[in-house]
Amino acid sequence: MKMQNVADIYPLSPLQGGILFEALYADAGSGLYVEQFSYRFTGPLDAAAFRRAWQTLVDRHAVLRTAFFWDGLKNPLQVVHKRVAVTLAEQDWRDRASSAQDEAFQALRRADREEGFRPDQVPLMRLALIRLADDAHYFLWSHHHLLLDGWCIPTLVGELVEAYNAEVAGRAPVLPPVRPYRDYIQWVEKQDRAAADAYWRGLLAGVAAPTPLLANLPPSATPDAGYGYEELTLPADLSASLADLAQCGRITLNTVFQGAWALLLARYCNVDDVVFGATVSGRPPELRGVEGMVGLFINTLPVRIDIPEGEMLLSWLARLMAQQRAQDAYGYSSLADVQRAADLPGGTALFETLFVFENFPVSNAEASAGLAG
């Protein structure tokens with residue numbers, strides 16, 4: 001790293017620290033924490049203007065010019081580079097049949113994921129543009145999860161569309177001011193750690209172990225080690241009923257689904273007190289402009305829910321939402337800090353199941369329909 005190309009240096013966010021630790025110990029080729037987004041563009045596309053639009057985004061957002069260093073340091077640091085040149089890998093597959101193009105693109109995605117990233121090398125993202133026909137392209141954007149969370153993607157895609165259209169039109173892009181990610185890190189550093197420790201100590205008092213998912217299954221039914229994928233789409237009428245329930249109780253859908261997960265764990269394990277992990281947005285409302293900031297804000301923290309016998313459902317869900325809001329005040333805590341505050345032995349898992357409710361804004365049409373030819 002050349003110091004003359006260094007723009008800033010500051011600590012990691014709580015989740016960045018955890019991700020970096022796990023990424024460093026992951027097996028080579030595992031693709032751990034490699035995030036990928038792919039799009040199919042139809043219509044004419046100016047590849048040179050597209051690359052320059054990405055350069056605009058990298059120049060605007062410090063986190064896209066950031067690398068991470070740990071060797072010989074008491075605590076890891078993230079280092080923002082002044083300038084990082086964007087590379088757009090281009091391929092031309094117009095001589096291939098459509099089915100062969102699709103197979104090759106899936107192979108490209110797998111190879112790109114397996115290649116991974118070195119956290120101490122910028123840029124921690126890759127861009128690939130494949131020409132399928134005179135008026136059709138595949139685009140693959142990969143980045144390390146250390147940089148971004150899902151909330152950032154619509155922001156960046158929207159800025160990309162504006163920057164590209166400006167390049168094609170020969171004008172300056174009209175983009176909002178950028179509040180740097182450093183401001184969030186500084187906010188985290190100023191928080192009351194003693195108050196957070198007291199909160200987590202109280203919440204997790206008496207917890208010796210997290211609630212498992214498979215407690216009631218006999219040993220012969222326990223699945224072999226490994227991972228699988230299951231997708232379920234709720235019927236429209238059930239989705240509408242859940243939305244009505246949330247509206248009736250003046251609670252969020254996130255609360256409804258967290259309650260459902262808590263009830264499921266309680267029933268499987270025959271307990272009335274459950275602990276599991278949940279992902280929070282981590283964007284403090286008191287940090288002005290935080291909704292438009294680009295960086296990694298999410299965090300994963302333990303949730304403890306009691307299921308008292310005889311309490312009405314909406315009353316229980318309202319109490320659960322109030323608990324969620326109280327916990328949001330300490331959403332900046334690291335899992336290591338939570339474990340110490342809870343006085344759990346080192347190596348004790350804080351949760352065995354993770355609940356993620358994604359509710360960030362998404363626009364599927366921005367990239368495909370918003371690029372001028």
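Residues numbered from 1 in each chain as written. Predicted model: local features only at pLDDT ≥ 70, side-chain atom pairs only at ≥ 80, totals over all residues. Heavy atoms only, no water.

1. Overview of the packing of aromatic side chains
Ring pairs (aromatic) are described by centroid distance and by the angle formed between their planes. Per the stated rule, a full pass over the model turns up 19 aromatic pairs. Measuring from ring centre to ring centre gives 5.7 Å for Y181 and Y184, while their planes differ by 35 degrees; the resulting arrangement is tilted. Separated by three residues within a single helix, Y181 and Y184 lie in helix α5 (residues 181-189), roughly one turn from each other. Per residue, the accessibility class of Y181 equals that of Y184, and both read buried. Ring pairs connect the aromatic residues F37, Y39, F41, F50, W54, F139, W141 and Y164, which therefore count as one cluster. (Phe/Tyr/Trp six-rings, centres within 6.5 Å; stacked < 30°, edge-to-face > 60°. Helix = DSSP H or I, 4+ residues; strand = E, 2+ residues; numbered from the N terminus. Buried < 20%, exposed > 50% of the residue type's maximum accessible area, 1.4 Å probe, protein only.)

2. Thoughts on unusual backbone geometry
A cis amide bond links V122 to the next residue, P123, at an omega of -5 degrees. In this fold, P123 is placed in the loop between α3 (98-115) and β6 (125-133). A positive phi angle, close to 65 degrees, is found at Y33, a residue other than glycine. At R250, a position not held by glycine, the phi torsion is positive, near 55 degrees. For R250, the position within the fold is in the loop between α7 (236-249) and α8 (253-269). Overall, R250 belongs to the exposed group, its relative accessible area being 74%.

3. Concerning the environment of E286
Examined against the element boundaries, E286 turns out to sit in the loop between β8 (273-280) and β9 (299-306). Along the chain, E286 and Y229 lie 57 residues apart, while their C-alpha atoms are 38 Å from each other.

4. Quick look at the pattern of salt bridges
Within this structure, the stated rule accounts for 17 salt bridges. R179 serves as the salt-bridge partner of D183, at 2.8 Å between the closest nitrogen and oxygen. D273 is the salt-bridge partner of R304, the closest N and O atoms lying 2.7 Å from each other. You can see R304 sitting in strand β9 and its partner D273 sitting in strand β8, a full 31 residues away along the chain. When its relative accessible area of 17% is taken as the criterion, R304 is described as buried. Three or more residues joined by partner-sharing salt bridges are found here, namely D92, R94 and D134. (Salt bridge = Lys/Arg side-chain N within 4 Å of Asp/Glu carboxyl O.)

5. Comments concerning the pairing of strand β7 (residues 136-144)
Counting buried residues in β7 gives nine out of nine residues, a clear majority hidden from the surface. Looking at chain direction, strand β2 (residues 34-42) and β7 are connected through nine bridges and run antiparallel. Paired with Y39 across the two strands is F139, which belongs to β7. For β6 and β7, the ladder comprises eight bridges, and the chain directions are antiparallel. If you follow M125 over to β7, its bridge partner there is H143. (Pairing = 2+ DSSP bridges.)

6. Thoughts on the confidence of the model for the chain
When pLDDT is averaged along the chain, the result is 91, and 92% of the positions lie at 70 or above. Predicted confidence in the chain is weakest over helix α11 (residues 365-369), with a mean pLDDT of 43, and strongest over helix α2 (residues 47-60), with 98. Within the model, pLDDT remains below 50 along residues 364-369, and this stretch shows 13 contacts once partners closer than five positions in the same chain are excluded. (pLDDT = per-residue confidence, 0-100. Contact = heavy atoms within 4.5 Å.)

7. Points about the sheet that holds β2
What the four strands build is an open sheet, ordered β2-β7-β6-β5; its pairing is mixed. Of all the strands in the sheet, just β2 and β5 (88-92) have a single pairing partner and so form its edges. Strand-to-strand twist across the sheet, computed as the mean angle between neighbouring axes with direction ignored, equals 15 degrees. Of the strands in this sheet, β2, β5, β6 and β7 touch α3, which is tilted by about 15 degrees from β7. Contacting β2 and β7, helix α4 (residues 152-169) crosses the sheet at an angle of about 135 degrees to β7. (Axes fitted to C-alpha atoms, helices over the stretch in contact; angles between N-to-C directions.)

8. A few points about the sheet that holds strand β3 (residues 66-69)
Pairing in this open sheet of three strands is antiparallel, and the strands run β1-β4-β3 from one edge to the other. The two strands at the open ends of the sheet, each matched to only one other strand, are β1 (6-10) and β3. Along the sheet, successive strands turn relative to each other by an average axial angle of 25 degrees, direction set aside. The strands touched by α5 are β1 and β4 (77-81); relative to β1, the strand with the most contacts, the crossing angle is about 20 degrees.

9. Examining the packing of α7 against α8
The interhelical angle for the contact between α7 and α8, taken along N-to-C directions, is 110 degrees, at an axis separation of 9 Å. Considering the angle they form, α7 stands roughly perpendicular to α8. Each of L242, A243, L245 and A246 in α7 lies in contact with α8, whose residues at this interface are L253, V256 and F257. Here the contact of α7 with α8 is composed, by residue class, of seven nonpolar, no polar and no charged. (Parallel < 35°, antiparallel > 145°, perpendicular 65-115°, else oblique. Nonpolar A, V, L, I, M, F, W, Y, C, P; charged D, E, K, R; others polar.)

10. Notes on the packing of α2 against α4
Between α2 and α4, whose axes approach to 8 Å, the crossing angle comes to 130 degrees. With respect to their mutual orientation, α2 and α4 come out oblique. Between α2 and α4 lies a crossing whose hand is right-handed. Across the interface between the two elements, A49, F50, R52, A53, W54, T56, L57 and R60 from α2 touch L156, E159, L160, A163, Y164, E167 and V168 from α4. Partitioned by chemical class, the residues of the contact of α2 with α4 number 10 nonpolar, one polar and four charged. (Left-handed = near helix turned anticlockwise from the far one by under 90°.)

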